[in-house]
Amino acid sequence: MTGSLNVVVGITGGIAAYKAVGVIRSFVLAGHRVQVVATTGALRFVGRPTLEAISRNPVHTELYEGVAEVRHVAIGQAADLIVIAPATANTIAKLAAGLADDLLGNTVLASTAPVVLAPAMHTEMWQNPATQANIATLRSRGVTVVGPASGQLTGTDSGPGRMEEPDAIVDAALAAVSGETARTPGDLDGCAIVITAGGTREPLDPVRFLGNRSSGKQGVALATAAAQRGAAVTLIASHLDVPAPNGVTVIDAPSAAELQAAVTDAAPRADIVIMAAAVSDYRPAEVQESKIKKEDAGDELLLRLVKNPDILAGLAHNARPDQTIVGFAAETAHGDDELIRIGRAKLARKGCDFLVVNRVGWNEGFARDTNSVVMLARGGTIALTESGDKLAVAERILDILLAERR
Ligand code: CTP
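So, how was this worked out
Residues numbered from 1 in each chain as written. Predicted model: local features only at pLDDT ≥ 70, side-chain atom pairs only at ≥ 80, totals over all residues. Heavy atoms only, no water. Helix = DSSP H or I, 4+ residues; strand = E, 2+ residues; numbered from the N terminus. Buried < 20%, exposed > 50% of the residue type's maximum accessible area, 1.4 Å probe, protein only. Contact = heavy atoms within 4.5 Å. Axes fitted to C-alpha atoms, helices over the stretch in contact; angles between N-to-C directions. Parallel < 35°, antiparallel > 145°, perpendicular 65-115°, else oblique. Left-handed = near helix turned anticlockwise from the far one by under 90°. Pairing = 2+ DSSP bridges. Core = buried A, V, L, I, M, F, W, Y, C linked by side-chain atoms within 4.5 Å. Salt bridge = Lys/Arg side-chain N within 4 Å of Asp/Glu carboxyl O. Polar contact = N/O pair within 3.5 Å; in protein donor to acceptor, adjacent residues only side chain to side chain.

Time to look at the environment of Ala226. As for its placement among the helices and strands, Ala226 is situated in helix H9 (residues 217-228). Accessibility expressed as a relative area gives 0% for Ala226, which makes it buried. Once the C-alpha coordinates of Ala226 and Val9 are considered, the two residues, 217 residues apart in sequence, prove to be 30 Å apart. Apart from residues lying up to four places away in sequence, Ala226 is in contact with Leu188, Ile193, Ala231, Val233 and Leu398.

This paragraph deals with the packing of helix H4 (residues 89-97) against helix H7 (residues 129-140). At a minimum axis distance of 9 Å, the contact between H4 and H7 shows a crossing angle of 50 degrees. Put simply, H4 runs oblique to H7. For the pair H4 and H7, the crossing hand works out as left-handed. Note on element contacts: H7 touches H4 through Thr131, Asn134, Ile135, Thr137 and Leu138, opposite Ala89, Ile92, Ala93, Leu95 and Ala96.

This part takes up the sheet that holds strand E6 (residues 144-145). Here six strands make up an open sheet; going across it, the order is E3-E2-E1-E4-E5-E6 and the pairing parallel. Two strands lie at the open edges of the sheet, namely strand E3 (59-60) and E6, each paired on one side alone. Taken together, the two bridges between strand E2 (residues 33-38) and E3 define a ladder with parallel strand orientation. Within E3, the residue paired with Val36 across the bridge is Val59.

As a further point, take the nonpolar core. By size, the foremost hydrophobic cluster in this structure holds 34 residues, and its most contacted members are Ile193, Leu222, Ile274, Ile397 and Leu401. Sorting the residues of this core by element identifies strand E9 (192-198), H9, strand E12 (232-238), strand E14 (272-275), strand E17 (324-331), strand E18 (354-359), strand E19 (370-377) and helix H14 (390-405) as the ones contributing at least two each. At eight residues, H14 tops the list of elements feeding residues into this core. Ignoring anything within four residues of it in the chain, the contact list for Ile193 reads Leu188, Ala226, Ala231, Ala232, Val233, Thr234, Ile272, Ile274 and Leu398. In terms of nonpolar packing, the next biggest core, distinct from the first, is built from 33 residues, Leu5, Val21, Ala173 and Ala176 among them.

A few words now on the pattern of salt bridges. According to the stated counting rule, one finds 20 salt bridges in the structure shown. Lys94 is paired through a salt bridge with Asp102; the nearest N and O atoms lie 3.3 Å apart. Between Asp187 and Arg229 there is a salt bridge whose closest N-O contact spans 2.9 Å. One end of the pair, Asp187, is in the loop between helix H8 (166-177) and E9; the other, Arg229, is in the loop between H9 and E12, and 42 residues separate them in sequence.

Within the fold, Asp102 resides in the loop between H4 and helix H5 (103-109). Within polar-contact distance, the side chain of Asp102 engages the backbone nitrogen of Gly105 at 2.8 Å.

What follows is about the sheet that holds E18. Read from one edge to the other, the open sheet built from eight strands follows the order E13-E12-E9-E14-E17-E18-E19-E20, with strand pairing classed as mixed. Single-partner strands in this sheet number two, and they are strand E13 (249-252) and strand E20 (382-389). Sheet twist, expressed as the mean angle between neighbouring strand axes with direction ignored, is 15 degrees. Lying over the sheet, helix H12 (residues 311-318) contacts E14 and E17, oriented at roughly 155 degrees with respect to E17.

Here Val34 lies in strand E2. Each C-alpha atom of the pair Val34 and Arg56 lies 7.8 Å from the other, and the pair is 22 residues apart in sequence. Those residues in contact with Val34 that sit more than four places away from it in its chain are Val7, Val9, Ile24, Phe27, Val28, Ser55 and Asn57.

Below, the structure is given as structure tokens:
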């Protein structure tokens, strides 16, 4: 995007409000005009003179100031871009509900400009289903959400909830104006997507299983994002640690065999199949009818395992030409080069259209809310590298799939 923009920087009442100064400064130095709309809460954290000096304009706070110039709508109508940094849980809830009880709410409602939010709050508040539902609502209306990043928070705690760094917010905001990341709610209308998520468990006896550490969060994030964008989603779920989103068809598939049966049944009706589930490569050769007892097994118990079928390779092999088949691979690689090398070999072996590769380890990858992925396209080219919360990663993966199908 070239040219000078009218940027509204909304600041709400959180400790990260001091970092909004950096956001304003970046826009001003890049030649854009900035109007600051601060809530009264924000001004407890950062001083009006600082904001006025850096933005080179008066700071707006009051709904009932400047009534003669109809300020409550004028600022929004003149905006080319609205960036709210930090966006508190309270503001996010108010925006999702369309409330207009302060100047910022009025400004957003009166504007047709792209809206970019940089949430900042404690991890528990960010992960609260109410906040997540509000974020999902706002995303479905085309609002761009940048961050939050993971790291040290205001107190001694750390986790997702830190406001993204000012430069990242400004970059994402300018990209949203230029349409690079602006997404149309409904851009997956009419698209049928089958997504597997979670980790299969292979029964050993009536009380034991062989399993893995997959939480299903990335697969659920894909299902959430795809459904919000209008896709008809079938989620084949294997022991999810998180609830399945509303508006998708959920089929439980506890073991690899059940997952294979469910996905084989659903795939013919799908435009896209995404195998995000961690499928057990092996299962016990025999499943005991009753609990294995120590007195029978003795000091050493040997398990004989047999290989499960490779579901992804089968789907890729039988795919229609108009179908897109996507695999995932979690690898314990040392560094990005090795990760990509392993990913390329696996992509070729599986024969799928895309492979989303991420690194895992004892303290990496599984069960977290953030992910860092490299998405390889057929032939091994890198289609995407993305880090962030799993929903943001899901959105970008869907962007790539949509672009490829178009
Ligand atoms: N997968 C599958 N069927 C299996 C095993 C895996 O469909 N029996 C799928 C997974 O859902 C994932 C992809 O294949 O999309 C890669 O899984 P991964 O376990 O990394 O692949 P493997 O071929 O089992 O390779 P490795 O030997 O590295 O485990």
